[in-house]
Amino acid sequence: MIPGPVLDRINASYESSLEDLFEFLRIPGISTDMGHVADVRRAAEWLLDYTRRTGLDCRLYETAGNPVLFGGLCRDKDAPTLMIYAHYDVAP
């Protein structure tokens with residue numbers, strides 16, 4: 001069961017969260033198309049800014065390919081760890 005304060009926060013930010021999602025989805029970050037290299041970088045930079053605005057300590061790391069992001073939030077060192085792995089680039 002999701003705690004009430006969490007649901008309240010989700011409901012209060014629903015519209016702005018949708019706007020953020022649609023803004024991100026408009027970036028054609030297609031990693032398999034060399035014509036979109038700059039767009040993939042723009043998608044990574046957008047996510048870097050977004051995660052920082054939401055309170056995460058996030059960093060962008062350069063690689064031989066596309067940049068990767070690593071972020072975290074540690075308010076209690078004794079709390080369990082949750083790891084989320086996801087791709088921000090698009091592959092048709």
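Right, let's walk through the structure included here. Values in this document were obtained by computation on a predicted structure and should not be read as measured data. (Residues numbered from 1 in each chain as written. Predicted model: local features only at pLDDT ≥ 70, side-chain atom pairs only at ≥ 80, totals over all residues. Heavy atoms only, no water.)

### What about the nonpolar core?
Inference 1: In this structure, Phe 24, Ile 27, Val 40, Ala 43, Ala 44, Trp 46, Leu 47 and Tyr 88 together form the largest nonpolar core, which totals eight residues.
Inference 2: Among the elements that take part in this core, helix α3 (residues 37-53) stands out by supplying five residues, more than any other.
Inference 3: Leave out the neighbours within four places in its chain, and Val 40 touches Gly 29, Ile 30, Ser 31, Asn 66, Tyr 88 and Asp 89. (Core = buried A, V, L, I, M, F, W, Y, C linked by side-chain atoms within 4.5 Å. Buried < 20%, exposed > 50% of the residue type's maximum accessible area, 1.4 Å probe, protein only. Helix = DSSP H or I, 4+ residues; strand = E, 2+ residues; numbered from the N terminus. Contact = heavy atoms within 4.5 Å.)

### What to know about the pattern of salt bridges
Inference 1: Here the structure, examined in full by the defined rule, presents five salt bridges.
Inference 2: When the shortest N-O distance is used, the salt bridge between Arg 41 and Glu 62 registers 2.6 Å. Placement of the pair is Arg 41 in helix α3 and Glu 62 in the loop between β1 (57-61) and β2 (68-72), with a sequence separation of 21 residues.
Inference 3: Residue classification places Arg 41 among the partly exposed positions, given a relative accessible area of 28%.
Inference 4: In this structure, Arg 53 engages Asp 49 in a salt bridge whose closest nitrogen and oxygen atoms are separated by 3.0 Å. Of this pair, Arg 53 and Asp 49 both sit in helix α3, separated by four residues, roughly a single helical turn.
Inference 5: One network of salt bridges, in which partners are shared, links Arg 41, Glu 45 and Glu 62. (Salt bridge = Lys/Arg side-chain N within 4 Å of Asp/Glu carboxyl O.)

### Some remarks on α3
Inference 1: Helix length check: α3 (17 residues) gives 25 Å between terminal C-alpha atoms against 24 Å at 1.5 Å per residue, within 8%.
Inference 2: Residues Asp 39, Val 40, Ala 43, Ala 44, Trp 46, Leu 47, Leu 48 and Thr 51 constitute the buried set of α3.
Inference 3: Against α2 (14-25), β1 and β2 lie the buried residues of α3.
Inference 4: Positive backbone phi, approximately 105 degrees, marks Gly 55, located one or two places after α3. (Expected span 1.5 Å × (residues − 1).)

### Observations regarding the packing of aromatic side chains
Each aromatic ring pair is described using two quantities: the centre-to-centre distance and the angle formed by the ring planes.
Inference 1: With the rule as written, the count across this model stands at two aromatic pairs.
Inference 2: Ring centres of Phe 24 and Trp 46 lie 5.2 Å apart, and the angle between their planes is 35 degrees; on these two criteria the pair is classed as tilted. Placement of the pair is Phe 24 in helix α2 and Trp 46 in helix α3, with a sequence separation of 22 residues. As far as the burial class goes, Phe 24 and Trp 46 line up, both buried. (Phe/Tyr/Trp six-rings, centres within 6.5 Å; stacked < 30°, edge-to-face > 60°.)

### Structural notes on the pairing of β2
Inference 1: Summarising the sheet, β1 and β2 pair through five bridges and their orientation is antiparallel. Across the sheet, Arg 59 pairs through a bridge with Phe 70, a residue of β2.
Inference 2: The hairpin formed by β1 and β2 contains six residues between the paired strands. (Pairing = 2+ DSSP bridges.)

All quantities given are derived from atomic positions and should not be read as evidence of function.
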